[in-house]
Amino acid sequence: MPVTKPFSPPIAEYQELLSGIWQRNWFTNNGPLVNDLELKLKKHLDLKHLLYVSNGTIALQIALKALGITKKVITTPFSYVATTSSLVWEGCKPIYVDIDPETFNIDPTKIEDAIDSDTEAILATHCFGNPCDIDAIDRIAKKHNLKVIYDAAHCFGTTYKGKSVFTFGDISTTSFHATKLFHTIEGGAVFTQDPEVLKNMALMRNFGHSGPESFNGMGINGKNSEFHAAMGVVNLNHPEATILYRLLNRDVSDLLPDATESELRTAKLMCHIGQPVKVKHENVESAVLRISLGSRVLAESWKDRDVSLFFHGVENQMNQVNMICQKIKLILKYSDVLNLKDIQS
Ligand SMILES: Cc1ncc(COP(=O)(O)O)c(C=O)c1O
């Protein structure tokens, strides 16, 4: 099922990096593009620490292993399956706590009732990139001496109180899967502020190798390749495309004046991960909103037209129309980068 359309950067830029990989004949094992991507991501996200790994699922498993979690973990029932399956894979017991219907995130007011003497951690997902109530969760974790892991798979660029959401919890994890706003085809990352945990996770990512023939603890293969890192490096050359996605994806309430509360909530949350919005309500604005989110209208054919001509009979809504026109013009400006050529009318 196509959930979101992956962002395809200009192919020539990727091919140029591929030529370098061929020349070096260095395909994986902490190569120069992996290092370059890690540096660029830290700069882009204003982070001190980050480890690039092979996907968002292994990121969760490394996080659990690094914190030594083996028993009960309080988690959300509303996430992608990997949040729960990684717990089970690591031999932990998921304990579900219901979500807040407003945010779709775990409801902190229900967490304490679920804690018992076997509870070791809270694993919460920032659903659709909307941060959990981090302050409340951290307060509970401190009170009960629990570790906190945030599954921030949907959160590229998300901030909480002015800081990257990746900096919260004992460990945060993310996914750079092709469907995410920023992607490396397959990929993910782990984040922590604790240098010891970081060192431990770096060892775990590479089988526990502390030297070519020495090991420190037991690890797994969580490395990622030069080919995947290359896609990330190229995608980071196009922050305007990512920003455009963000721009298109916010303030939907202005664009859907007659939508119900629940339609708006769904639209906002889904927009955050770039998913086309489906609302019952159909008017010029919602149609255009769906267009701007990459659904099925031929953006290319609009390139040379005055897009305001599309809006006969909506004179009383000209402010909204103007705003939408600006957004459409931005889409057209970046239509090559956003790979909109194949969109059908
Ligand atoms: C909330 C959440 N957690 C974990 C994952 C797993 O990430 P990956 O597909 O990179 O293994 C996903 C993937 O979409 C996700 O949405």
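Placed above this text is the structure.
Keep in mind that this is a model prediction, so the values were computed, not measured. (Residues numbered from 1 in each chain as written. Predicted model: local features only at pLDDT ≥ 70, side-chain atom pairs only at ≥ 80, totals over all residues.)

Q: Looking at this model, I keep getting lost on the overall build of the protein chain. Mind explaining?
A: For the protein chain, the helix and strand inventory stands at twelve helices and eleven strands. Within the protein chain, the fraction of its 345 residues that count as buried is 39%. Residue pairs in contact within the protein chain that sit at least 24 positions apart in sequence constitute 63% of those at least 6 positions apart. (Helix = DSSP H or I, 4+ residues; strand = E, 2+ residues; numbered from the N terminus. Buried ≥ 20, exposed ≤ 12 C-beta atoms within 10 Å, placed from the backbone. Contact = placed C-beta atoms within 7 Å.)

Q: Which parts of the structure should I look at to understand the pairing of strand β9 (residues 188-191)?
A: Put simply, side chains in a regular strand alternate between the two faces of the sheet. Residues of β9 alternate between two faces, with Gly 188 and Val 190 on one and Ala 189 and Phe 191 on the opposite face, all of them buried. In terms of strand pairing, strand β1 (residues 51-53) meets β9 through three bridges, oriented antiparallel. Paired with Val 53 across the two strands is Gly 188, which belongs to β9. As judged from the four bridges shared by strand β8 (residues 171-175) and β9, these two strands associate in the antiparallel manner. The partner of Ser 172 across the bridge, within β9, is Phe 191. (Pairing = 2+ DSSP bridges.)

Q: Teacher, can you tell me more about the packing of helix α1 (residues 11-24) against helix α7 (residues 226-236) here?
A: In helix packing, the relevant descriptors are the interaxial angle and the interaxial distance, both defined with respect to the helix axes. Two elements in contact, α1 and α7, have axes separated by 9 Å at closest approach and are oriented at 145 degrees. α7 is crossed by α1, and the crossing has right-handed handedness. Contacts from Glu 13, Tyr 14, Leu 17, Leu 18 and Ile 21 of α1 reach α7 at Glu 226, Phe 227, Ala 230, Met 231, Val 233 and Val 234. Looking at the contact of α1 with α7 residue by residue, the class counts come to nine nonpolar, no polar and two charged. (Axes fitted to C-alpha atoms, helices over the stretch in contact; angles between N-to-C directions. Left-handed = near helix turned anticlockwise from the far one by under 90°. Nonpolar A, V, L, I, M, F, W, Y, C, P; charged D, E, K, R; others polar.)

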